[in-house]
Amino acid sequence: MQIAQVIVDVPTRQTNNPYSYLIPDTLKDQVMVGMRVEVSFGNRKVTGFVVAVTNKSEFDGKLKPIDSLIDLAPVINPELLKLSSWLADQTYSFKISCLQTMLPGGMRTRNQKRLIAKDDVIVQQHPEIFHGHQEIDYNQKRADDKTVATVLKLQRAGQIQVVENLTHHTHPMMLKAYRGEISPATAQSALAKVRKNATCQIKLLDLLMKHPNQTFLQSKLTADGITATTLKTAQQRGWLKKTAVQRVRNPFLRPTKPTAPLQLNADQKRAVDQINTATTQRADQVFLLEGVTGSGKTEVYLQSIAHALALGRTALMLVPEITLTPQIVARIRSRFGDQVAMLHSALSNGERHDEWQRINSGQAKVVVGVRSAIFAPLKNIGLIIIDEEHDSSYKQSDNPRYQTRDVAKWRAGYHHCPVVLGSATPSLESRARAMKGVYQLLTLPHRINRQALPHVSIVDMKEVATKRQGILSDQLIDAISSRLKRREQIILLLNRRGYSSFLMCRDCGYVPKCPNCDISLTVHKDTHTLNCHYCGHKEPIPMVCPNCHSNRIRFYGVGSQQLEEQVKQLFPTARVLRMDVDTTRRKGAHEAIINQFGAHQADILLGTQMIAKGLDFPEVTLVGVLNADSALQFPDFRSSERTFQLLTQVSGRSGRADKVGEVIIQTFNPDHYAIQLAQTQDYERFYATEMRVRHDGKYPPYYFTVKVTGSAANENQTAAEMFGILNFLKDRLSSQAIILGPTPKAITRINNRYYYQIIIKYRKEPQLRSALDQILMDSQKKQRAGLQVAIDNEPLDFM
Ligand SMILES: Nc1ncnc2c1ncn2[C@@H]1O[C@H](COP(=O)(O)OP(=O)(O)OP(=O)(O)O)[C@@H](O)[C@H]1O
Ligand SMILES: [Zn+2]
Ligand SMILES: [Zn+2]
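Being a predicted model, the structure only gives us computed values, none of them experimental. (Residues numbered from 1 in each chain as written. Chains lettered and ligands numbered in written order. Predicted model: local features only at pLDDT ≥ 70, side-chain atom pairs only at ≥ 80, totals over all residues. Heavy atoms only, no water.)

1. Some points on the packing of aromatic side chains
1) Next: Under the criterion given, the structure shown has 11 aromatic pairs.
2) Next: When the ring of Phe597 is compared with that of Phe617, the centres are 5.2 Å apart and the planes differ by 85°; the resulting orientation is edge-to-face. One end of the pair, Phe597, is in helix H19 (residues 589–598); the other, Phe617, is in the loop between strand E27 (604–607) and strand E28 (620–625), and 20 residues separate them in sequence.
3) Next: Taking the centre distance of 4.2 Å and the plane angle of 0° together, the rings of Phe644 and Phe686 count as stacked. Of this pair, Phe644 sits in helix H20 (residues 639–651) while Phe686 sits in helix H22 (residues 683–697); the two residues are 42 residues apart in sequence, bridging distant segments of the chain. Across the pair, exposure class does not vary: Phe644 and Phe686 are buried alike.
4) Next: Three or more aromatic residues link up through ring pairs in this structure, and these residues are Phe644, Tyr673, Tyr683, Phe686 and Tyr687.
5) Next: For Arg763, the ring lying beneath its charged end belongs to Tyr703, and the centroid distance is 5.4 Å. (Phe/Tyr/Trp six-rings, centres within 6.5 Å; stacked < 30°, edge-to-face > 60°. Helix = DSSP H or I, 4+ residues; strand = E, 2+ residues; numbered from the N terminus. Buried < 20%, exposed > 50% of the residue type's maximum accessible area, 1.4 Å probe, protein only. Lys NZ or Arg CZ within 6 Å of the ring centre and 35° of its normal.)

Structure (structure tokens):
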């Protein structure tokens, strides 16, 4: 009797312990670790992951059987299964959410499947499955155990192909095709027999002679001029057999020209050598590649990946939001071609699934992707790269709240391979580890060809604002004019973090707020609505003030649309491109804008944070930052670090080739050290200054941090429960631990729930782990009373 140990998906009764279910005898030896099943739990049906198959149970009572198998092959491999346990521990989350996180989006829900028989023999041998058809829709839930067992065996023997039928695909999954059934010799003799004017048949036989045993797409044959009649005749004569092939959705928009490795400069070579040595020696070393903007970090990645591939291993490279860096993707693909798989959020579920399949089957050797790609089922990894390692998108803000760098290090330990963390402005945590020798520091201190870093000047907007209204200072306007005259390109960054356009009555000061959340509504010009960015509430833009009926209710704040209008007014002949969430919603729009700008079909590219990273355009000689400090006021100890990183990144877009670059930063805080040091692009001094601030404030990297957030529908209840948690923590932790709060979060009410938080800062607290586990367990019991608790280990967001 076999028993499956299953981690079940029961949100209200979550547990990290598996439950035992009976495997019916008909499915003996068919149910494998890593497959999903459907089981009964209480009085409902839930899905679960099989984490072990055993022969007896510790559970004495009568076991329920598995209801159905969801997968025909494991979707979680042994490495990822092991990783899920570690991840659950690290992030104080449940194994089930870790396991689900590892699957690509489209696979998290139950999918229809299609079965395709390899040939007629299989169809005839198994009428109970195929009912005489070569291709059928298959529903495991409705199939009986015997059928499921047969299907599993056939699949493993390669007799049938299983295709996921994803709900979101827009194109047909299967393409009509024909397989050649005759040998070249047979084709030759058939050729001798056909009439001389049967050109179509001659063409086909020719094809079959040259490409024996091959499968041809019907569309390809038709394009070659082979008619439907000929195809019919060919089938009757046994030359061809009708079949179908899976359509692989290609996420790459256009083919790229192959490129050869560049001749490395001395700094690049030193970095590549050290990384390659670690790969060869199977050392799970972490490198911090600190290279100024335009120093050629990408080429270092490419040549290190090539080395891993040459050793027969695979490579994983993560980038911030991939849609933000189509240039990098193009560079990787032009070097490694079809071996590259891509995983990011702009893919459809179908595309993502296809890419995942290519990785899982070992076809793809290089994976490029965003955060979640760290769980790509690559085998035999030889190198993991995290580009722009300081980027906040590497931390997941929902359960499981993992930091990608930590997962990368775990996988590197498993595969015995190095990790490369690359940045021009490393996070303080990573740089501090490099100083302690935990990571090995590799530096690229110069730009390629020793091009100077751009000259940066600061404009004090306090002075400008008193003189007149407008977003652009005179200095920036002059600089733009001179570039336009010289036919050079310009990038304008509107820093919109914590900044949005809202409506305000100029007579009574009324600002429309969300009825469910403590936040003002944002103006959306395209839909003519006021939207809440937290709960999705929408309402029409009022024409008169709902409070005093004045019609002087107007916009506040600058959006990229307004900036675009102003720029066009000032420079009517300039060609302007705008890149923000509104202009990049459509698939491929982002890449189209970048390509257009790259081809110099526009003079000015303006936009939000999206334009700050990774772009490499030789003609750009001016970067303007319109409101450098909009993030500085945030009550978050990382706001200086983020401001410095953003300004350095965007400045780095200027003067990357042979022309000298200039940067103009407009700010209301010209004396702030983050802005001053961004002006000199002095990471070393910024690091030293910021480390002192962190030391004095007892912040990371000197202290570890944990955030405990609690929410309920009633504010008093939330506060009371959080004080209970505070007292519990005080009892369990040492006097060295610093416990802040509970305080209401910056936005206290979201969707009519009240949020409070506690921050714990500590250096060494052996009891912390068990205390937090206890809090989570207790909150599960209290959930019926409405309190929800979330724990964020090393949070990036402190508000
Ligand atoms: N060894 C080399 N010889 C010639 N050109 C090079 C070399 N290495 C890199 N380059 C070129 O220099 C430019 C800048 O390199 P790259 O974009 O890799 O820098 P980066 O450090 O990744 O920059 P950033 O962090 O600013 O995005 C690119 O156009 C690249 O093709
Ligand atoms: Zn009013
Ligand atoms: Zn809301």
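Text resumes after the structure shown.
2. Details of the site of ligand 1
1) Next: If you check the shell around ligand 1, you find 19 residues, and the closest are Gln263, Gln268, Lys297, Asp616 and Arg656.
2) Next: Within the backbone of Ser295, one N or O atom sits 3.2 Å away from an oxygen atom of ligand 1.
3) Next: In the model, an oxygen atom of ligand 1 is placed 2.7 Å from a nitrogen or oxygen of the Lys297 side chain.
4) Next: Contact with the protein chains hides 81% of the accessible area of ligand 1, taken as 630 Å² for the molecule alone.
5) Next: Of all the cavities here, the one that holds ligand 1 is the second largest pocket. (Near = heavy atom within 4 Å. Polar contact = N/O pair within 3.5 Å; in protein donor to acceptor, adjacent residues only side chain to side chain. Areas by Shrake-Rupley, 256 points an atom, 1.4 Å probe, with all protein chains shown as cover. 1 Å grid on protein atoms, 1.4 Å probe; cavity = no way out; pocket = protein on both sides within 12 Å on 5 of 7 lines; lining within 4 Å. Sits in = over half its atoms within 2 Å of the grid points.)

3. Focus: the UniProt feature "binding site: Zn(2+) 1" (unreviewed entry) in the protein chain
1) Next: The positions UniProt marks with the feature "binding site: Zn(2+) 1" (unreviewed entry) are Cys505, Cys508, Cys545 and Cys548. These residues run over 44 residues, yet every pair of their C-alpha atoms falls within 8.6 Å of each other.
2) Next: Its place among the elements puts Cys508 in the loop between strand E21 (502–505) and strand E22 (522–524).
3) Next: Here Cys508 is in contact with Cys545, Asn547 and Cys548, once residues within four sequence places are set aside.
4) Next: Following the sequence through the fold, Cys545 ends up in the loop between strand E24 (538–540) and strand E25 (553–556).
5) Next: In this structure Cys545 comes out as buried when scored by relative accessible area, which is 0%. (UniProt positions renumbered as here; feature names shortened; annotations may be inferred. Contact = heavy atoms within 4.5 Å.)

4. A few points about the nonpolar core
1) Next: Membership of the largest hydrophobic core comes to 45 residues, with the highest contact counts inside it found for Ile76, Leu316, Ile359, Val367, Ile374, Phe375 and Ile384.
2) Next: Residue contributions to this core reach at least three from each of two domains, namely domain 1 (2–103) and domain 4 (266–444).
3) Next: Within the second largest apolar cluster, 36 residues are counted, among which are Phe597, Leu615, Val650 and Met691. (Core = buried A, V, L, I, M, F, W, Y, C linked by side-chain atoms within 4.5 Å. Domains from an automatic or database assignment.)

5. Considerations on the layout of surface pockets
1) Next: Here the second largest pocket is characterised by a volume of approximately 930 Å³.
2) Next: Residue assignment for the lining of the second largest pocket shows that the elements contributing at least two residues are helix H11 (297–310), helix H12 (326–336) and H19.
3) Next: At seven residues, H12 tops the list of elements feeding residues into the lining of the second largest pocket.
4) Next: Residues that form the lining of the second largest pocket fall into these classes: 13 nonpolar, 17 polar and 14 charged.
5) Next: Both domain 4 (266–444) and domain 5 (455–500 + 557–694) contribute no fewer than three residues apiece to the lining of the second largest pocket. (Points joined across faces, edges and corners; volume = space filled by probe spheres on them. Nonpolar A, V, L, I, M, F, W, Y, C, P; charged D, E, K, R; others polar.)

6. Comments concerning the pattern of salt bridges
1) Next: Enumeration according to the criterion identifies 31 salt bridges in this entry.
2) Next: In this structure, a network of salt bridges that share partners links the residues Glu290, Arg431 and Glu684. (Salt bridge = Lys/Arg side-chain N within 4 Å of Asp/Glu carboxyl O.)

7. Regarding the sheet that holds E22
1) Next: Taken in spatial order, the three strands line up as E22-E23-E24 in an open sheet, and their pairing is antiparallel. This sheet does not close on itself; its edge strands, each paired only once, are E22 and E24. The sheet shows a mean angle of 35° between the axes of neighbouring strands, direction not considered.
2) Next: Inspection of the sheet shows E22 paired to strand E23 (residues 529–531) by three bridges, in the antiparallel sense. Across the sheet, the residue bridging to Thr522 is Asn531, located in E23. (Pairing = 2+ DSSP bridges. Axes fitted to C-alpha atoms, helices over the stretch in contact; angles between N-to-C directions.)

8. Description of the pairing of strand E20 (residues 489–493)
1) Next: Counting buried residues along E20, five of its five residues qualify, which places the element largely inside the surrounding structure.
2) Next: In E20, alternate side chains face the same way, and those of Gln489, Ile491 and Leu493 on one face and Ile490 and Leu492 on the other are all buried.
3) Next: As defined by bridge partners, E20 adjoins E28 across five bridges and the pair is classed as parallel. Looking across to E28, one finds that Ile491 is bridged to Val623.

9. Thoughts on the domain arrangement of the protein chain
1) Next: Taken domain by domain, the protein chain comprises domain 1 (2–103), domain 2 (111–166), domain 3 (174–246), domain 4 (266–444), domain 5 (455–500 + 557–694) and domain 6 (704–793).
2) Next: Each of domain 1 and domain 3 was reduced to a C-alpha centroid, and the two centroids are 48 Å apart.

10. Focus on the packing of H20 against H22
1) Next: It is at 11 Å that the axes of H20 and H22 come closest, and there the two elements cross at 170°. As judged from the angle between their axes, H20 and H22 are roughly antiparallel. Residues Ser640, Glu641 and Phe644 of H20 lie in contact with H22, whose contacting residues are Tyr683, Phe686, Glu690 and Arg694.
2) Next: The class makeup of the residues in the contact of H20 with H22 is three nonpolar, one polar and three charged. (Parallel < 35°, antiparallel > 145°, perpendicular 65-115°, else oblique.)

11. Structural notes on the side chain of Thr718
1) Next: Mapped onto the elements, Thr718 comes out in helix H23 (residues 715–732).
2) Next: At 3.4 Å, the side chain of Thr718 and the backbone nitrogen of Ala712 are in polar contact.
3) Next: With near-sequence residues (within four places) excluded, Thr718 lies in contact with Gly710, Ser711, Ala712, Tyr754, Tyr756 and Leu787.

12. Considerations on H22
1) Next: Under the 1.5 Å per step criterion, the end-to-end length of H22 is 21 Å for 15 residues, consistent within 8% with the ideal 21 Å.
2) Next: Buried residues along H22 sit against strand E12 (286–291), helix H15 (428–435), H20 and helix H21 (673–680). (Expected span 1.5 Å × (residues − 1).)

13. Points about the sheet that holds strand E13 (residues 314–318)
1) Next: Pairing within the open sheet is parallel, and its seven strands lie in the order E14-E15-E13-E16-E17-E12-E18. Across the chains shown, the open sheet's two edge strands, defined by having one partner strand only, are strand E14 (340–343) and strand E18 (440–444). Within the sheet, the average angular offset between the axes of one strand and its neighbour, ignoring direction, is 20°.
2) Next: Bridge analysis of strand E16 (residues 381–387) against strand E17 (residues 419–423) gives four bridges, and the strand direction is parallel.

14. A look at the environment of Thr277
1) Next: Turning to its location among the elements, Thr277 is positioned in helix H10 (residues 266–280).
2) Next: With relative accessibility at 39%, the residue Thr277 sits in the partly exposed group.

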